[in-house]
Amino acid sequence: MTKLQNYFEKFDPLHIGTLPQRSYFIPFQKEEAEEFKKDRKHSSQYIDLDGTWKFSYQPNIRTVDVEDWLNDSEKFEGDLKVPSVWQMNGYDQPQYTNVRYPIPYDPPYVPYENPGGIYRRTFTVGKTKENYYLNFEGVDACFYVYLNGEFVGFSQISHAQHEFDVTSFLKEGENELVVFVLKWCTATYFEDQDKFRTSGIFRDVYLLKRPKEHLTDYVFKEDVNVSEKKAAVKLEFKKTNPELPVKVTFLDGEGQKLFEEEITENSLEFNLKDIHLWSAEDPYLYQLYLETPEETFYKKVGFRTIEIKDRVFLFNGEPIKLHGVNHHDSDPKTGPVIDREDFLRDLKIMKDHNINVIRTAHYPKAPLFYEMCNELGFYVVSEADIETHGVVDLYGKGRNANYNMIADDPIYQEVILDRVAASMIPFLNETSIFMWSMGNESGYGVNFEKGLELAREIDDSRLLHYEAAFYADPNKEHDYSNLDVHSRMYPTFKEIEDYFEDYDKPYMLCEYAHAMGNSPGDILDYDYYFQKEPSFMGVFIWEWTDHALDFGDGKLLYGGDSGERYHDGNFCVDGLVSPNRDIKSGLLEFRQVYRPLRLLETDRNKNRLLMKNMLGFLDAKDSIHVAYAIYDQEKAVKEGQLDLPEIKPGEEVWVGFPELEELNAETGYVHFDYYKDSMGEEVFCGMDSYVPEEFAWVLKDFAETSASSKLEYEETETEYQVQTDRLSFAIGKHTGMLHQLADKKGGFLEKAADLVVFRAPTDNDRKIKLEWEEAGVFDYETRVYTSSVKEEENSLSFTFEMALLPVYREKIVSLTLTWTIKREEELSCFMHVEKNPYVPSLPRFGVRFPLKTSFDEVRYFGYGPYENYQDKHQASRLGSYEQTIQELYENYLQPQEHGERSFCNLVEVEDKTHRLRAQADHDFGFNFSLYSIEELREKKHSYELTENDSHDLIIDYKQAGIGSNSCGPELSEQYCISERNWEWGFTVSFPSEK
Ligand code: GAL
Ligand code: MG
């Protein structure tokens with residue numbers, strides 16, 4: 001039996017038979033240029049090996065006889081589409097783990113049971129003089145290549161380019177390629193990124209057919225003088241034959257020829273005047289053609305400068321702000337297999353939502369991605385495929401004390417250097433990349449010091465980043481000189497403040513505002529420091545998309561749902577968009593905070609607006625269009641367009657707005673909507689509103705009643721009952737709560753109302769939830785100590801001294817609560833609440849009315865139209881909104897609190913025959929969901945939810961804020977409900993206009 005050579009448990013060699021890394025390119029024939037630009041597969045030199053391969057899954061590759069598989073093509077039991085991962089195609093199972101390694105920690109060894117996939121396909125070549133190069137753009141985790149029965153090579157690094165010269169293995173006619181892909185290998189210890197662990201040939205595979213004499217590499221370098229609009233271009237070539245002539249043609253974006261020369265030297269320099277700079281806002285690209293006697297190359301390149309001056313990051317000389325996301329390759333149907341359409345869809349949504357920077361967390365992308373970013377305009381932080389986070393889980397509670405055990409152990413140095421180089425060299429010509437990241441969460445030490453040195457040597461024109469330098473052993477001397485920025489993830493606000501007390505490098509948050517579930521709530525709080533500090537260069541939300549898998553039935557599965565033994569549950573469901581790219585409210589918050597224009601101040605004396613252009617390069621006049629609407633209560637009284645004057649990037653300008661005259665300052669407000677171009681389409685990109693200080697909540701008239709008869713009540717053992725001409729009320733004597741409400745057409749309530757101090761915990765509540773449980777916040781009884789009745793002309797009041805009490809614990813709150821029935825038609829609720837100071841800050845405090853399910857429409861005056869909370873309401877604003885209960889639902893994969901509307905003073909729900917209105921002369925929140933809190937709390941997936949048999953309207957004194965504590969800092973005190981006591985109330989009425 002011939003086994004695979006055991007390279008997969010060695011650190012040396014890391015690769016066998018691979019060619020040195022080179023810049024990414026696909027050569028083509030000159031006449032193919034136009035077709036090639038549409039799709040690289042249109043080059044006749046590109047022999048596509050994607051498609052259906054024969055496949056066999058082996059539970060343990062160690063027991064496989066290689067010869068058998070090389071000789072017997074009949075042995076393969078199935079077909080597999082390439083690129084793909086086998087776990088999404090019926091073999092093995094995906095596993096989601098975050099920090100923990102999926103295998104025992106035992107480098108360089110991996111488990112004895114090491115699954116593998118054997119891939120086979122044929123291709124035909126005619127009689128040929130050319131050389132053939134086999135390219136893999138991504139294989140997880142390592143692979144052995146055989147051509148026509150002979151061993152070609154071995155390679156690893158899942159997210160990397162691998163190229164083999166297969167010329168000498170080829171024969172005329174049919175050729176047989178067999179690839180053994182292994183699930184585990186030494187690479188596993190270096191690829192511990194937080195994601196579903198999957199395996200296979202997951203990116204494109206192709207052969208390049210190339211002439212004997214050819215260009216093996218070229219690098220485009222630029223030296224730009226921004227103020228003089230000049231650039232010096234330097235091209236460097238590597239060739240099989242030093243004499244090989246290269247014709248260089250340089251054109252502008254429109255095709256105007258700017259330079260042309262044929263050379264045989266290995267480098268060339270030329271100068272350009274009047275250059276048009278590249279930026280994410282204006283991604284202008286020039287065109288470079290290289291021609292050798294038998295091949296052509298094409299690359300779009302841009303001119304820009306990247307520098308740090310006085311601790312401030314400058315792009316093209318401007319102190320721009322980077323606001324964006326961490327992007328994983330993730331799709332519910334294919335896992336990490338992403339094609340052009342997938343990228344395009346993500347990038348378009350990003351553009352629409354004011355994202356200008358992407359960190360390729362936590363590995364390099366396929367080449368196509370960078371080309372799209374060059375063209376569409378995104379700044380890119382490109383990260384090496386390195387993460388050794390699992391070491392922090394070793395030796396019991398070692399945590400950060402273990403962090404540097406790989407980073408600082410020279411045994412692993414070659415691996416780190418290999419990965420740094422492989423992440424950079426292919427992409428040196430990509431304009432969008434302005435920063436290289438050495439990887440993620442791998443600690444710090446000599447290997448990263450060397451890695452950074454190497455990175456600087458490979459490319460000294462871009463910035464270098466590595467967050468985990470933060471975890472360096474404080475007892476050792478370290479070299480941080482090649483780190484250009486101080487990067488952190490999820491710091492507290494205090495930590496940010498402290499940093500700026502004394503610092504030497506620009507600051508960035510490579511991760512912040514963890515977007516898990518209903519989140520993040522704190523983008524604006526971070527933005528305060530981001531705008532304030534010129535050296536605070538960038539913020540990157542964790543993360544772009546929820547990861548979950550759909551095996552065809554539409555059910556979205558996360559960790560543990562595939563039967564994994566060790567997993568991290570729904571910690572992978574933490575994106576701004578859902579797995580199917582539905583936009584979550586967190587993304588709307590982001591869009592709003594990073595809108596290109598901001599209204600800073602409204603001057604009513606002079607009828608003018610102070611507007612700030614937040615862009616880095618474009619004038620607001622040319623790039624943003626503003627629509628306004630002046631409202632008086634619910635109605636727009638005037639609408640129009642605002643003519644923006646020139647507002648240069650970063651400038652603040654007073655803009656005349658004479659229409660402001662028409663605003664009624666006591667009852668009115670103004671909305672401004674911003675629109676911009678996003679990849680050729682005009683899109684809404686943010687808004688502002690102006691609500692005058694004098695603005696006062698207006699109460700709707702209560703129904704006029706002619707009856708002035710005295711209100712009567714009856715008392716039973718359990719209830720007070722009141723009957724008016726139109727309505728009947730029952731209030732529980734031992735609950736202090738409304739038991740029923742009815743008019744002639746029937747009752748409103750499905751069940752009795754109650755006081756609620758809990759919510760279905762959000763992912764961000766996952767820590768405080770334990771304290772809430774401990775304090776009995778989810779399970780308590782109501783105790784009424786005394787009740788009394790007060791009869792007045794035209795009103796009746798029922799007052800209760802009461803408390804909410806969990807079993808075996810002390811009370812959560814005690815309160816005096818009064819229901820008053822007035823004018824026959826109106827029911828008000830007023831209370832004085834004392835919170836037990838020993839109980840943690842509460843999730844909420846509100847009154848829940850379980851209405852009949854026929855109530856399914858809601859109208860409100862307050863913050864809308866999106867779900868909003870104390871600290872998550874940037875995308876919403878004051879107005880009058882009408883929505884159905886279905887529209888208020890937000891589908892979080894792991895069910896949780898959703899759909900709150902805050903800062904309201906009126907809410908009306910209605911069915912075909914009744915209407916119920918709650919209002920107050922102060923603001924309150926409300927929630928109206930298809931699902932009960934209990935159901936949301938219990939179920940693990942949204943597809944398991946069963947609709948409630950009542951539609952619960954909860955009128956909230958408050959709900960706690962949202963924050964981002966699933967990974968970020970604790971919820972700020974200002975958004976907690978920890979006050980000792982409060983007085984609060986609202987009035988319910990039953991308008992009869994229906
Ligand atoms: C960070 C890490 C990310 C992700 C995130 C939690 O620490 O860099 O990869 O795990 O936490 O979702
Ligand atoms: Mg990690």
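Residues numbered from 1 in each chain as written. Chains lettered and ligands numbered in written order. Predicted model: local features only at pLDDT ≥ 70, side-chain atom pairs only at ≥ 80, totals over all residues. Heavy atoms only, no water.

Caption draft 1: Structural view of the coordination of the magnesium ion (ligand 2). Here the magnesium ion (ligand 2) is held by Glu 387 (OE), His 389 (ND1) and Glu 441 (OE), and the distances to it run 2.0 to 2.2 Å. In the primary sequence, the donor residues of the magnesium ion (ligand 2) line up as E-x1-H-x51-E. Of this pair, Glu 387 sits in the loop between β26 (379-383) and α5 (413-424) while Glu 441 sits in the loop between β27 (433-437) and α6 (446-458), and the two are 54 residues apart along the sequence. According to the relative accessible area criterion, Glu 387 is buried, its value standing at 0%. (Donors = N, O, S within 2.8 Å, 3.2 Å for Na, K, Ca; no water. Helix = DSSP H or I, 4+ residues; strand = E, 2+ residues; numbered from the N terminus. Buried < 20%, exposed > 50% of the residue type's maximum accessible area, 1.4 Å probe, protein only.)

Caption draft 2: Spatial organisation of the sheet that holds strand β9 (residues 150-156). Pairing within the open sheet is antiparallel, and its six strands lie in the order β3-β2-β5-β11-β8-β9. A strand with exactly one partner marks an edge of an open sheet, and here the two such strands are β3 (78-82) and β9. Between one strand axis and the next, the sheet turns by 30 degrees as a mean value, whatever way the strands run. Pairing of strand β8 (residues 142-147) with β9, which is carried by six bridges, proceeds in the antiparallel orientation. (Pairing = 2+ DSSP bridges. Axes fitted to C-alpha atoms, helices over the stretch in contact; angles between N-to-C directions.)

Caption draft 3: Just the site of ligand 1, in detail. In the vicinity of ligand 1 there are 13 residues, among which Asp 194, His 362, Glu 441, Glu 511 and His 514 approach most closely. His 362 has a polar side-chain atom sitting 2.6 Å from an oxygen atom of ligand 1. At 2.6 Å from an oxygen atom of ligand 1 is found a side-chain nitrogen or oxygen belonging to Glu 511. Burial of ligand 1 by the protein chains amounts to 95% of its free accessible area of 310 Å². Looking at the shell around ligand 1, its residues break down into five nonpolar, four polar and four charged. (Near = heavy atom within 4 Å. Polar contact = N/O pair within 3.5 Å; in protein donor to acceptor, adjacent residues only side chain to side chain. Areas by Shrake-Rupley, 256 points an atom, 1.4 Å probe, with all protein chains shown as cover. Nonpolar A, V, L, I, M, F, W, Y, C, P; charged D, E, K, R; others polar.)

Caption draft 4: The arrangement of the pattern of salt bridges in detail. Counted by the stated rule, this structure contains 68 salt bridges. For the salt bridge of Asp 459 with Arg 462, the shortest nitrogen-to-oxygen distance reads 2.8 Å. We note that Asp 459, like Arg 462, is buried. Beyond isolated ion pairs, a larger network of salt bridges with shared partners links Glu 634, Lys 700, Arg 859, Glu 908, Glu 910, Arg 915 and Arg 917. (Salt bridge = Lys/Arg side-chain N within 4 Å of Asp/Glu carboxyl O.)

Caption draft 5: Up close: the pairing of strand β48 (residues 826-835). Counting buried positions along β48 gives seven out of 10 residues, so the element sits mostly inside the fold. Two strands pair when backbone bridges link them, and strand β47 (residues 813-822) and β48 are joined in this way by 10 bridges, in the antiparallel orientation. Each bridged residue has a counterpart across the sheet, and for Thr 816 the counterpart in β48 is His 832. A loop of three residues connects β47 with β48, the two strands running antiparallel in sequence, and Arg 823 in this loop sits at a positive phi of about 45 degrees. Pairing analysis gives nine bridges linking β48 to strand β55 (residues 981-989), with the strands arranged antiparallel. By the bridge assignment, Glu 834 is partnered in β55 with Asn 981.

Caption draft 6: Quick look at the sheet that holds strand β41 (residues 727-732). Reading across the sheet, the five strands line up as β39-β40-β41-β42-β43 and stay open at both edges, with antiparallel pairing between neighbours. Looking at strand neighbours, the two that pair on one side only are β39 (713-715) and β43 (746-747), the edges of this open sheet. Bridge count between β39 and strand β40 (residues 719-723): three bridges; the pairing is antiparallel. Its bridge partner being in β40, Glu 715 is matched across the sheet by Tyr 720.

Caption draft 7: Just the UniProt feature "domain: Beta galactosidase small chain/" (unreviewed entry) in the protein chain, in detail. Under the local residue numbering, the UniProt record ascribes the feature "domain: Beta galactosidase small chain/" (unreviewed entry) to residues 721-989. Spanning residues 721-989, this segment combines 5% helix with 49% strand, and its end C-alpha atoms are found 17 Å apart. (UniProt positions renumbered as here; feature names shortened; annotations may be inferred.)

Caption draft 8: Structural view of the domain arrangement of the protein chain. Here the domain parsing of the protein chain yields domain 1 (30-210), domain 2 (215-293), domain 3 (326-593), domain 4 (595-690) and domain 5 (714-989). Between domain 1 and domain 3, the C-alpha centre-to-centre distance is 27 Å. Contact with domain 1, which involves 35 residues of that partner, is made by 52 residues of domain 3. For the pair domain 1 and domain 3, the two sides together bury roughly 3600 Å², of which 61% comes from carbon and sulfur. Contact with domain 3 buries surface across domain 1, with Met 88, Tyr 96 and Phe 190 losing the most and accounting together for 21% of the total. Run the count over domain 1 and domain 3 and you get three salt bridges. For Asp 329, the salt bridge goes to Arg 203, with nearest N and O atoms at 3.0 Å. Between the two partners, domain 1 and domain 3, sit 19 residue pairs in polar contact (both at pLDDT 80 or more). (Domains from an automatic or database assignment. Contact = heavy atoms within 4.5 Å. Buried area = accessible area lost by both parts, 1.4 Å probe.)

Caption draft 9: Up close: unusual backbone geometry. Ala 361 connects to His 362 through a cis peptide bond whose omega is -10 degrees. Although it is not a glycine, Tyr 490 sits at a positive phi angle of roughly 50 degrees. Residue placement: Tyr 490 occurs in the loop between β29 (486-489) and α7 (493-499).

Caption draft 10: Highlighting the environment of Leu 587. Its location among the elements puts Leu 587 in helix α9 (residues 585-593). Distance from Leu 587 to Pro 520, taken between C-alpha atoms, is 8.9 Å for residues 67 residues apart in sequence. In this view, Leu 587 contacts Ile 349, His 353, Ile 355, Trp 544, Leu 576 and Val 577; residues no more than four positions away in its chain are not counted.

Caption draft 11: Spotlight on the side chain of Asn 927. Within the fold, Asn 927 resides in strand β53 (residues 915-929). For Asn 927, the side chain forms a polar contact with the side chain of Glu 897, separated by 3.2 Å. Within the structure, the side chain of Asn 927 is placed 3.1 Å from the backbone oxygen of His 898, a separation counted as a polar contact. When sequence neighbours within four positions are dropped, the list of residues in contact with Asn 927 reads Arg 844, Glu 897, His 898, Gly 899, Glu 900, Asp 952, Leu 953, Ile 954 and Gln 959.

Caption draft 12: Summary view of the nonpolar core. With 97 residues, the main nonpolar core has Tyr 144, Phe 180, Leu 347, Met 438, Tyr 512, Phe 536 and Ile 541 as its most contacted residues. When residues of this core are assigned to their parent elements, the largest contribution, five residues, is made by helix α4 (residues 367-376). Counting contributing residues, this core receives three or more from each of domain 1 (30-210) and domain 3 (326-593). Apart from the residues lying within four places of it in its own chain, the contact partners of Tyr 512 are Tyr 490, Ile 523, Tyr 526, Val 539, Phe 540, Ile 541, Trp 542, Phe 590 and Tyr 594. (Core = buried A, V, L, I, M, F, W, Y, C linked by side-chain atoms within 4.5 Å.)

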